[in-house]
Every structure is written in C-alpha cells, then in structure tokens.
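The primary structure of each chain is shown beneath.
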Amino acid sequence: MTDQNQKIAVTIAGNDSDGSAGMPADLHSFYARGVYGMGLLTAAVAGNTKGIFAQQVMPLDFIQKQFDVLADDFTINAAKTGMVADSKVMNVVADNLEKYDFGKIVIDPVISTKHGNTLMDDDSYNTFIKRLVPLADIITPNFYEQRKLTGLELNDLDEVKKGAKNVLMKGRHDGEQTEITDILLTEDGEFHTFTKPYFKTDRVNGTGDTLSAVIAAELAKGNDLIDSVKIAKDFTYEAISHPIDVGSKWGPINHLAAQNNENE
C-alpha cells in the first residue's frame, strides 16, 4: 500500500564526491530519519578524505530548472541549504524559495570552516545576509560563523546571548573541552542548551550538514523546533562517537551507526 503521508525534504547543496559531506550527508540523514530526500544540486567538488581538489558551480539555468521540476511534481515539507557558492547562485535560490512553498527552511551557512577559514567573499556574504537569512526558520552557524554574523568575539555565554536571534549556535570545537554545548535561541527569546560529551576524533566530515539535515527532516515530519534540534543533536553525537573506517585521513561520520542506535 502506498504511503500517502510520506514526508519529503530537499537539500539545496553541493555534492561531495567522497560522500562525506554536502548533499550525500544530507541524503544519508534524511533517509535515516524516515524522510524521503531530494537533492537540488548547486555545485560539485572532487574530493576525498585527504582534501578537495576541484569544484564546479552548476549553471544558473540548470539550478532554476531543478526548482521548477521539483515544485511541479512534489509537495515538499522542508528544505535546507548548504553550499550556495556565490551571489548569483544565492539570488536564484532565494528567488525560488520565495516563489515556491518548500515548507520549513533550514539555512546552514557555509561562511567559515570549523577551523575559522573563510569560504565566502564579501559580495556573497552580503547577498547571503540580505536574501537567504530572512527566509530561514532556523540558521545553524558554527562558532566562527557566529562571530561573523554577530560581530562579537563570543568568548562567554552573556556575549553569545547579545548577538543571537532565531539561531542554533553550535559549540566551539577546540579539542580542550570535555563537553560541547549548542545553544538554541527561539523566536520567543528563550534559550535552550543541548550538551554532549566531547568525542575526540578526526572523522568529523559532514557533522554540520548532518545536524542541519536532521533538523530539516524532523521539521518536515511536523516536530517542533526544540524537539527537532534535540533529535538532531543526539543523532549527530551517535554518528560522531562511532567512527567508521572509511578513507585514509579526515573521514566521515557514521550515519549507519546513528540510525541503528536510534532504532534500538
């Protein structure tokens, strides 16, 4: 019998050829949470666990056509963005998220790496702030992206609270702490903290993608924001804390272990 209530989420992101991050990580996450996943490709990278060696941005008309054909045939319950390479791509994405109802929108900024390296030029950053951020039901920046977005140093909780709004602030990973705390500020001004032990591993590729993708999956299923974030935090921790032996260097997190542990 056909399931007439199957929920759908779409990731608007780049494809990582090694399957560790970007669209593959999002699709792994959607599947693991029982949501049918679709991918709207914005870019592709040639990479493995040693690094990224080439990348290609998709033509704008191709990105547009993907939006048109998905909107024509499916009822999409949630969308999340990942790699939106430049201002031109961002404008196409924003135009279509305004035009079509793709449900709840999760914006995972790709502004800086978890180590603080900048990934977005000034023009792209300004477009991101003006076009994409206002569309978000939730934004999931890492520590360095929070600094950029707020203009604050974010050295303590009081300073974090001054700069945050409608955002899940992911905790800093510096290798010295025993716990990592993410802080969710909801639209009503309330703060909610989510803490997990720090698990030291070099197999963390796709962590941020997975967290935001699970949030999107849970929102697609109708869960509220706080529950969605909690589920995503728990899932991502399970995926990190059960390392998978894939590749030779900075490997992916383990979606299969997370899925299996969730089902036990």
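Preceding block: the structure.
None of these values were measured; they are calculated from a predicted model. (Residues numbered from 1 in each chain as written. Predicted model: local features only at pLDDT ≥ 70, side-chain atom pairs only at ≥ 80, totals over all residues. Heavy atoms only, no water.)

Some details on the pairing of strand 8 (residues 179-185)
Of all seven residues that make up strand 8, five are buried, and the element is covered over most of its length. Pairing geometry for strand 7 (residues 167-169) and strand 8, over three bridges, is antiparallel. Across the sheet, residue Leu168 finds its bridge partner in strand 8, namely Leu184. Where strand 8 meets strand 9 (residues 191-197), seven bridges bridge the pair, whose relative direction is antiparallel. By the bridge assignment, Ile180 is partnered in strand 9 with Lys196. In sequence, strand 8 turns back onto strand 9 through a hairpin of five residues, with Gly189 there showing a positive phi of about 90°. (Buried < 20%, exposed > 50% of the residue type's maximum accessible area, 1.4 Å probe, protein only. Helix = DSSP H or I, 4+ residues; strand = E, 2+ residues; numbered from the N terminus. Pairing = 2+ DSSP bridges.)

Quick notes on the nonpolar core
Within the largest apolar cluster, 33 residues are counted, with the highest numbers of intra-cluster contacts made by Val10, Phe67, Val93, Phe102 and Leu132. Elements supplying a minimum of two residues to this core: strand 1 (8-16), strand 2 (36-48), helix 2 (60-73), helix 3 (87-99), strand 5 (104-107), helix 4 (122-132) and strand 7. Here this core takes six residues from helix 3, the largest share from any one element. In contact with Leu132, not counting residues within four places along its chain, are Val84, Met90, Val93, Ala94, Ile107 and Thr127. By size, the runner-up hydrophobic cluster in this structure holds 25 residues, among which are Leu211, Ala216, Ala217 and Ala258. (Core = buried A, V, L, I, M, F, W, Y, C linked by side-chain atoms within 4.5 Å. Contact = heavy atoms within 4.5 Å.)

Overview of the pattern of salt bridges
By the definition in use, this model includes eleven salt bridges. For Arg203, the salt bridge identified is with Asp245, shortest N-O distance 3.9 Å. Within this pair, whereas Arg203 is found in the loop between strand 9 and helix 7 (207-220), its partner Asp245 is found in the loop between helix 8 (225-240) and helix 9 (255-263), the two being separated by 42 residues in sequence. Classification of Asp245 by relative accessible area gives exposed; the value is 69%. Two residues, Glu218 and Lys221, come together in a salt bridge whose shortest N-O distance is 3.0 Å. Judged by its relative accessible area of 32%, Lys221 falls in the partly exposed class. Three or more residues are tied together by salt bridges with common partners; here these are Asp26, Lys80, Asp108 and Lys170. (Salt bridge = Lys/Arg side-chain N within 4 Å of Asp/Glu carboxyl O.)

Considerations on the packing of aromatic side chains
One pass over the full model with this rule turns up two aromatic pairs. Ring geometry for Phe67 against Phe102: centres 5.8 Å apart, planes inclined by 20°, an arrangement best described as stacked. Of the two residues, Phe67 is situated in helix 2 and Phe102 in the loop between helix 3 and strand 5; the sequence distance between them amounts to 35 residues. For Phe102, a relative accessible area of 3% gives the class buried. By the ring-pair criterion, three or more aromatic residues cluster together here, those being Phe67, Tyr100 and Phe102. (Phe/Tyr/Trp six-rings, centres within 6.5 Å; stacked < 30°, edge-to-face > 60°.)

Structural notes on a negative patch on the surface
A cluster of acidic residues, Asp137, Glu187, Asp188 and Glu190, forms a negative patch on the protein surface. Mapped onto the fold, Glu187 is located in the loop between strand 8 and strand 9. Glu187 gets classed as exposed once you look at its relative accessible area, which sits at 71%. (Patch = residues over 30% accessible without salt bridge, like charges linked within 9 Å, V, L, I, M, F, W, Y side chains within 5 Å. Areas by Shrake-Rupley, 256 points an atom, 1.4 Å probe, with all protein chains shown as cover. Lys, Arg positive; Asp, Glu negative; His and termini not counted. Charge placed at Lys NZ, Arg CZ, Asp CG, Glu CD.)

Considering the environment of Ala32
Tracing the backbone through its elements, the reader meets Ala32 in helix 1 (residues 22-32). For Ala32, a relative accessible area of 12% gives the class buried. Residues Ala32 and Ala217, spaced 185 residues apart in sequence, show a C-alpha to C-alpha distance of 9.4 Å. Filtering out sequence-adjacent residues up to four positions away, Ala32 remains in contact with Phe235 and Gln259.

What about the environment of Arg172?
Following the sequence through the fold, Arg172 ends up in the loop between strand 7 and strand 8. Here the alpha-carbon distance between Arg172 and Tyr144, two residues 28 residues apart in the chain, equals 8.3 Å. Discounting residues that sit within four places of it in the chain, Arg172 has contacts with Phe143, Tyr144, Gln177 and Ile180.

Some details on helix 3
Relative to the 18 Å expected for 13 residues at 1.5 Å per residue, helix 3 spans 18 Å between its end C-alpha atoms, a close match to the ideal helical length. Along helix 3, the positions that sit buried rather than exposed are Ser87, Val89, Met90, Val92, Val93, Ala94, Asn96 and Leu97. (Expected span 1.5 Å × (residues − 1).)

A short note on helix 2
Taking 1.5 Å of rise per residue, the 14 residues of helix 2 would be expected to cover 20 Å, and the 21 Å separating its terminal C-alpha atoms lies within 8% of that figure. Every buried residue belonging to helix 2 is among Ile63, Gln66, Phe67 and Leu70, and all of these are buried. Along helix 2, the residues classed as buried sweep out an arc of 95° about the axis, all on the same side. Helix 2 presents Asp61, Asp72 and Asp73 as exposed residues on the side facing more than 90 degrees away from its buried surface. Close packing links the buried residues of helix 2 with strand 1, strand 2 and helix 3. (Arc of directions from axis to C-beta.)

Treat this as a map of the structure, not an account of what it does.
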